[in-house]
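As a plain string of letters, each chain reads:
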Amino acid sequence: MHTYRAHPDVSVLADYLEVPGLGFLAVNAFVIHAAQPVVIDTGLGLPDRDFVASLAAVIDPPDVRWIWLTHPDRDHTGGLFALLGAAPQARVVTTFVGAGIMSAERPLPMDRIYLLNPGQSLDAGDRRLTGFRPPLFDNPATVGVLDTSNGVCLSSDCFGAPLPAATLATAQNTADVSPEELRAAQLLWATIDSPWVHTVDPAKFAASFRPLHDFGPSAILSTHLPPVTRDRTALFATLLDAPSASPVTGPDQAALEAMLRQFQPV
Ligand SMILES: [Fe+2]
Ligand SMILES: [Fe+2]
C-alpha cells in the first residue's frame, strides 16, 4: 500500500487485488483532512496488511474522528477494528443496515456508531459531508460522500474498473489507460458488481444519477479506480450504457479445472 494526495484535502491509501481473469482492481481508502479528520473505508483484511500503520503515513491515527464506512464489504472493513482501537475518539458512520450486517460477524460497539442515511450530512468541523446513494452499488448499506466544500465525490464501488496492471490500478490517475479501455473495464465491473443493472428501466436509472451529474464533482474518487479529476463527464456517459452492457458470468467448475490443469507440471 502506498499513499498520495489526490486533492489538497484528500489522501489516498492505494492498494489493489489481482482478480484472475479480470485484471488488477484498485482497493482505495481515503482520508479527508477536515477539522475533524475522516477516514473513508479501511482497506483489505489480508494478513500481510496493516491498515493503521499505512494510515500513520498521512495522519496520526488517534486524531481520526470519523470512520465513514461506505459499505461493510470485506474489501472495505479490513482495518476497521484495529482503527477503532487506535483512534479512541472515532465513531463509525454507517447505516442501520450496515451496522446490522456487521453484527453478523463482529458487532460494532453501539457507542461508536453514528447512523447516517443518504441525503443526511455529517458536520466535520470545517465542512459538511453529505451522504448519497451511488448510481451503482453491491450492498444495501452503501452511502457515498459528497464534500460540499470542494466538490469531491467519494463514490464507493461505483465507477470502479479492473485494469491490466497493478501499476495502473495504484496510479494517481487514469491517464495511462485509454478512454476506450477504461470505458470497457468500467462496464465490465458494473455488470459484475451490480448485476441488477441489467433489469433497470434505463430512463429511471439515468434519472437516479442526474443529481450527482448536476452536482458537478471536482473529482471522483472510487474505491476501485484511481482518482478521476479530468473528463469526469465520460464516466457518466459510460454509466448510461451499463443497463445494456453484456452480462458477465464467472468461470464454472469445468473452467476452473481447465485453468488448474494449465498449472500442473508436465
Ligand atoms: Fe462492494
Ligand atoms: Fe468494494
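Refer to the structure printed above.
Heads up: these notes are all about the structure in this document. (Residues numbered from 1 in each chain as written. Chains lettered and ligands numbered in written order. Predicted model: local features only at pLDDT ≥ 70, side-chain atom pairs only at ≥ 80, totals over all residues.)

Along its length, the protein carries nine helices and 13 strands. Over its C-alpha atoms the protein spans a radius of gyration of 18 Å, differing by no more than 12% from the 18 Å that the globule rule assigns to 266 residues. Structurally, the protein occupies a C-alpha span of about 55 × 45 × 35 Å along its principal axes. For the protein, the proportion of its 266 residues judged to be buried stands at 42%. Expressed as a percentage of contacts within the protein between residues at least 6 apart in sequence, the contacts between residues at least 24 apart total 63%. (Helix = DSSP H or I, 4+ residues; strand = E, 2+ residues; numbered from the N terminus. Rg over C-alpha atoms; globule rule 2.2 N^0.38 Å. Buried ≥ 20, exposed ≤ 12 C-beta atoms within 10 Å, placed from the backbone. Contact = placed C-beta atoms within 7 Å.)

This next bit is on the sheet that holds strand 8 (residues 121-123). If you trace the five strands from one edge of the open sheet to the other, you get 8-9-10-11-13, paired in mixed fashion. With one partner strand each, in any of the chains shown, strand 8 and strand 13 (219-222) form the two edges of the open sheet. On average, each strand axis in the sheet is inclined to that of its neighbour by 20°, with strand direction left out of account. Inspection of the sheet shows strand 10 (residues 144-147) paired to strand 11 (residues 152-156) by three bridges, in the antiparallel sense. Paired with V145 across the two strands is L154, which belongs to strand 11. (Pairing = 2+ DSSP bridges. Axes fitted to C-alpha atoms, helices over the stretch in contact; angles between N-to-C directions.)

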